[in-house]
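# Structure at a glance
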Amino acid sequence: LTDGPLQHCDRFHEAYVPMAGGVIVWVCSIYAYDSNQTDSEELTSALINAVLLRADELPPGPKVIGVDLNCGIADCPGAQQALRCGWHDALALGAAMRGEDTPATYINRVASTTIDTVLVNNLAMPFFLECNVRTFNMPGHRGVGALFAFPHVEPVALQLVTPKPLPSGPPGSMALVQ
């Protein structure tokens, strides 16, 4: 990424995962602006639109966007634009496949809403298996996990994602990070 609105944006991160046959899977994450911030809706939509433009600039292939919208997907014009442009809400799709309503990812005393999801383009859909919420140690929040069956990952990619022991605690001790 050499220029444009995403160049110095700490709310956007991307990675490329090489697959067999020269296929590259593009994966990115977006952390939207807080809904309490002035102009958050416009800023978030501009961020999503910039990411969609980035995705369009890349060679054809499977593309996956993990997004924390900080608002409901129906309340975000940028997310709605992504869905109109052929992206799919994997969390809603996973729920539909299970015969359930889309689960909430943020729950507090007043309300619960779905503010996180995974957006998937058409070329990633044949590999999609499931998407659901995951509980983790952050009160009120639930993470989103999506599972894909991408065939024949290149050995270099496996080295990048395989859990590795990392030092933790006193010298000589090791902990497995997954």
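Before going into details, it helps to say that this report is about the structure given with it. Just so it is clear, the structure is predicted and the values come from calculations on it, not from any experiment. (Residues numbered from 1 in each chain as written. Predicted model: local features only at pLDDT ≥ 70, side-chain atom pairs only at ≥ 80, totals over all residues. Heavy atoms only, no water.)

### Examining the pattern of salt bridges
Applied cut-off: By salt bridge we mean one thing: a side-chain nitrogen of Lys or Arg within 4 Å of a carboxyl oxygen of Asp or Glu. Only DSSP runs of H or I reaching four residues or more are called helices, and only runs of E reaching two or more are called strands; each is numbered from the N terminus. Any residue under 20% of the maximum accessible area for its type is buried, any over 50% is exposed, and the rest in between are partly exposed; the area is computed with a 1.4 Å probe on protein chains only.
As enumerated under the stated definition, the model contains three salt bridges in all. One salt bridge connects Arg 54 with Glu 14, and the closest N-O pair in it is separated by 3.1 Å. Placement of Arg 54 in helix H1 (residues 40–57) and of Glu 14 in strand S1 (residues 12–18) is noted, with a sequence separation of 40 residues between them. The partner of Arg 98 in a salt bridge is Glu 100, with the nearest N and O atoms 3.1 Å apart. With relative accessibility at 31%, the residue Arg 98 sits in the partly exposed group. Since its relative accessible area comes to 44%, Glu 100 is described here as partly exposed. Where salt bridges share partners, they join Glu 14, Arg 54 and Glu 57 into one cluster.

### As for the packing of H1 against helix H2 (residues 77–84)
To keep things clear, this is the line we draw: Simply put, an axis is a line fit to the C-alpha atoms, just over the touching stretch for a helix, and the angle between two N-to-C directions goes from 0 to 180 degrees. In what follows, roughly perpendicular refers to angles from 65 to 115 degrees, roughly parallel to angles under 35, roughly antiparallel to angles over 145, and oblique to any angle outside these ranges. Throughout, a contact is declared for two residues whenever any of their heavy atoms are within 4.5 Å. Following the grouping adopted for this structure description, the nonpolar residues are Ala, Val, Leu, Ile, Met, Phe, Trp, Tyr, Cys and Pro, the charged ones are Asp, Glu, Lys and Arg, and the polar ones are all others, Gly among them.
Remark: H1 packs on H2, axes separated minimally by 7 Å, with the N-to-C direction vectors making an angle of 30°. Put simply, H1 runs roughly parallel to H2. Between H1, through Glu 41, Ser 45, Ile 48, Asn 49 and Leu 52, and H2, the contact on the second element is made entirely by Pro 77, Gly 78, Ala 79, Gln 81 and Ala 82. A per-class count over the contact of H1 with H2 returns five nonpolar, four polar and one charged.

### Considering unusual backbone geometry
If you check the backbone angles, Asp 39 has positive phi at about 65° while not being a glycine. Inspection of the secondary structure puts Asp 39 in the loop between strand S2 (24–31) and H1. Of the residues examined, Asp 39 reaches a relative accessible area of 47% and is grouped as partly exposed.

### Points about the nonpolar core
Test applied: Residues grouped as a nonpolar core are buried Ala, Val, Leu, Ile, Met, Phe, Trp, Tyr and Cys residues, joined through side-chain atoms within 4.5 Å.
By size, the foremost hydrophobic cluster in this structure holds 23 residues, and its most contacted members are Trp 26, Ile 30, Val 51, Ile 65 and Trp 87. For this core, the secondary structure elements donating two or more residues are S2, H1, strand S3 (63–68) and H2. In terms of residues, this core owes the most to one element, H1, which gives six residues.

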